Amino acid sequence: MTAPLFGYMGTKRYLAPHVVRAILNVARPGPIVDLFAGTGSVSTALAQAGRDVVANDVMAFICCLQRAQLLRIGEEVTSTTADHILSHASSGIADRSRRFAARRKLDRDAISAEPARLLDHMSRVSARPVCSDPQDYNLITSYFGSCYFSTDQSIALDSLRQSIDSLFPSSEESTSVNHWSGSTVRDIAMSAWLLTAHSVSNTTGHGAQYMKATSATGYTRICRNWRRDVVSRFMAYFVRLLGRNSLLSRPGNRVAFGDALLFFARCDSDSPFGAAYADPPYTKDQYSRMYHLHETLYLYDYPAVGGIGLARNDRFISSFSLKSRALDSILQLVKACRAAGSPLVLSYPKSGLIPLQEEFLYLAAQDGAEPAVTTMDELEVRHSRMGAAGGFLPHVQVVERVFSIA
Ligand SMILES: C[S@@+](CC[C@H](N)C(=O)[O-])C[C@H]1O[C@@H](n2cnc3c(N)ncnc32)[C@H](O)[C@@H]1O
């Protein structure tokens, strides 16, 4: 099993071998679509098992990570490409370091003083106006500097992003909802950059909020997080992603961006899918709120933000995380797969947001089609909660149900 790119709320890392067996049991010839791909523990395991996969998700940064690991990039891309990005970024780092010298000094003074001083420094920063000129490439410094990142880290991240954008501009294809996306060196560079930001950020796991110096332990953690080096991590992630890409890429793999409920309606492929796998959100925590930092970093679009975490206001609201709409959304998904002639494997915890009974799925699967064969397995697995609602345990034991509808 390939190690996941980063810890993700609800990852099926521990369940992947079982899910893959269930999918292969019902799959017909053709690519297998992972409708809620996340970090791709199932799509990468399927690719390793020799199947073509289509990874779909509604978060743009997730699609970028999926392109970087699943789609083939040219052999001319090597670690010297990362050297090139770094050397191109170095003048930006020097220039911003001069411009933000006063802010850098305030950060340094705050982490060499007592916790109360750091707490005060961070609270002043989070109250500041966040508008900035897009041409300046200061999104991270102006929105998230001195809170999620130290000013030095923000400067390095902004400068690297400017370098990636100018050396490898984004193409329309890689951001469009209606096209299958191809992989580019930009996806590798952007993914290395995102993983670097994730690994240095001053947050708990998902990044919904930054940590504050409300205790001596919190203070020590912030001091440690703010000192993490951006440039060396960027280089290491770039090299790691290159190795991973050659391991997992298959010519038939694709990545799609959009709402899973609309996947079959907007898909213009004539050939049928071998099977679909659905791992929808199963709590009331919206992924777009938990991972807003990652999405804003990726989109780099200077959005209107609010709340203590500075989450973007235009975040996607998933019907699967709304108690009043989750069941209807799951049943819609079952019907869409039946209409497309695709067997479906669905995983959902017994203690999920709604009680999901086999009979509901069975009835939806009968709708206007041949009778379906529905089976259900129950497994006890470790789930990562990444600090989501309900406590601070990193993992919980849950009973996961795996439904197969063929
Ligand atoms: C439980 S996680 C998937 C975890 C994944 N199987 C893994 O192992 O990493 C659910 C994913 O669904 C995505 N999502 C939420 N609502 C969606 C929707 N309506 N359409 C497509 N993706 C959605 C979230 O962004 C999140 O990545």
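Fair warning: this is a prediction, and the values are worked out from it, not measured in the lab. (Residues numbered from 1 in each chain as written. Predicted model: local features only at pLDDT ≥ 70, side-chain atom pairs only at ≥ 80, totals over all residues.)

### Here we look at the overall build of the protein chain
Going by this rule: Runs of E in the DSSP output that reach at least two residues are strands. Runs of H or I that reach at least four are helices, and both are numbered from the N terminus. What counts as a contact here is a pair of residues whose C-beta atoms, placed from the backbone, lie within 7 Å.
In terms of regular secondary structure, the protein chain is built from 16 helices and 9 strands. Partitioning the contacts of the protein chain with sequence separation of at least 6, the portion at a separation of at least 24 is 75%.

### Looking at the nonpolar core
The tendency in soluble globular proteins is for nonpolar side chains to be buried side by side. To keep it simple, the criterion reads: We call a set of buried Ala, Val, Leu, Ile, Met, Phe, Trp, Tyr and Cys residues a nonpolar core when their C-beta atoms link them within 7 Å. For the exposure call, what matters is how many other C-beta atoms sit within 10 Å of a residue's own: 20 or more marks it buried, 12 or fewer exposed, and in between partly exposed, using C-beta atoms placed from the backbone. Segment limits for the domains were obtained from an automatic or database-derived domain assignment.
Membership of the largest hydrophobic core comes to 113 residues, with the highest contact counts inside it found for Val19, Ile23, Leu194 and Tyr277. Broken down by element, this core gets its largest block of residues, 9 residues, from helix α9 (residues 185–200). If you count residues domain by domain, this core takes at least three from each of domain 1 (16–69 + 249–284 + 322–405) and domain 2 (79–244). Setting aside residues up to four positions removed in sequence, leucine 194 forms contacts with Phe61, Cys64, Leu65, His294, Leu297 and Tyr298.

### Comments concerning helix α16 (residues 358–366)
Applicable threshold: What the arc measures is the spread of directions leading from the helix axis to the C-beta atoms.
Those residues of α16 that fall on the buried side of the exposure criterion are Leu361, Ala364 and Ala365. Projected down its long axis, α16 shows its buried positions confined to an angular sector of 100 degrees, all on one face.

### Thoughts on the environment of serine 215
Structurally, the position occupied by serine 215 is in the loop between α9 and α10 (216–226). On the neighbour-count criterion, serine 215 (11 C-beta atoms within 10 Å) is exposed. A C-alpha to C-alpha distance of 8.8 Å links serine 215 and alanine 116, two positions 99 residues apart in sequence.

### A word on the site of the ligand
As a reminder, the rule being used: The C-beta atom of each residue is placed using the backbone, and any residue whose C-beta lies within 6 Å of a molecule or strand is treated as near it. Gly counts as polar in this scheme, as do all residues outside two lists: the nonpolar Ala, Val, Leu, Ile, Met, Phe, Trp, Tyr, Cys and Pro, and the charged Asp, Glu, Lys and Arg.
Taken together, 21 residues sit near the ligand, with Gly10, Phe36, Gly38, Ala260 and Ser318 positioned nearest. Here the shell around the ligand is composed, by residue class, of 11 nonpolar, 6 polar and 4 charged.

### Considerations on helix α1 (residues 16–26)
Three or four residues apart is the spacing at which side chains of an α-helix point the same way, because the helix has 3.6 residues per turn. For α1, the set of buried residues is Ala16, Val19, Val20, Ala22 and Ile23. One side of α1 holds all its buried residues, which, seen down the axis, span an arc of 160 degrees.

### Looking at the pairing of strand β2 (residues 53–57)
The following threshold applies: Orient the strands so they point away from the viewer; a crossover is then right-handed if the path from the first strand over the helix to the second runs clockwise. We call two strands paired when DSSP finds no fewer than two bridges between them.
Counting buried positions along β2 gives 5 out of 5 residues, so the element sits mostly inside the fold. Once the chain exits strand β1 (residues 32–34) it traverses helix α2 (residues 41–48) before rejoining the sheet at β2, and the crossover so formed is right-handed. Across 4 bridges, the pairing between β2 and strand β3 (residues 254–257) is parallel. Across the sheet, asparagine 56 pairs through a bridge with alanine 256, a residue of β3.

Keep in mind that these numbers describe shape and distance, not what the molecule does.
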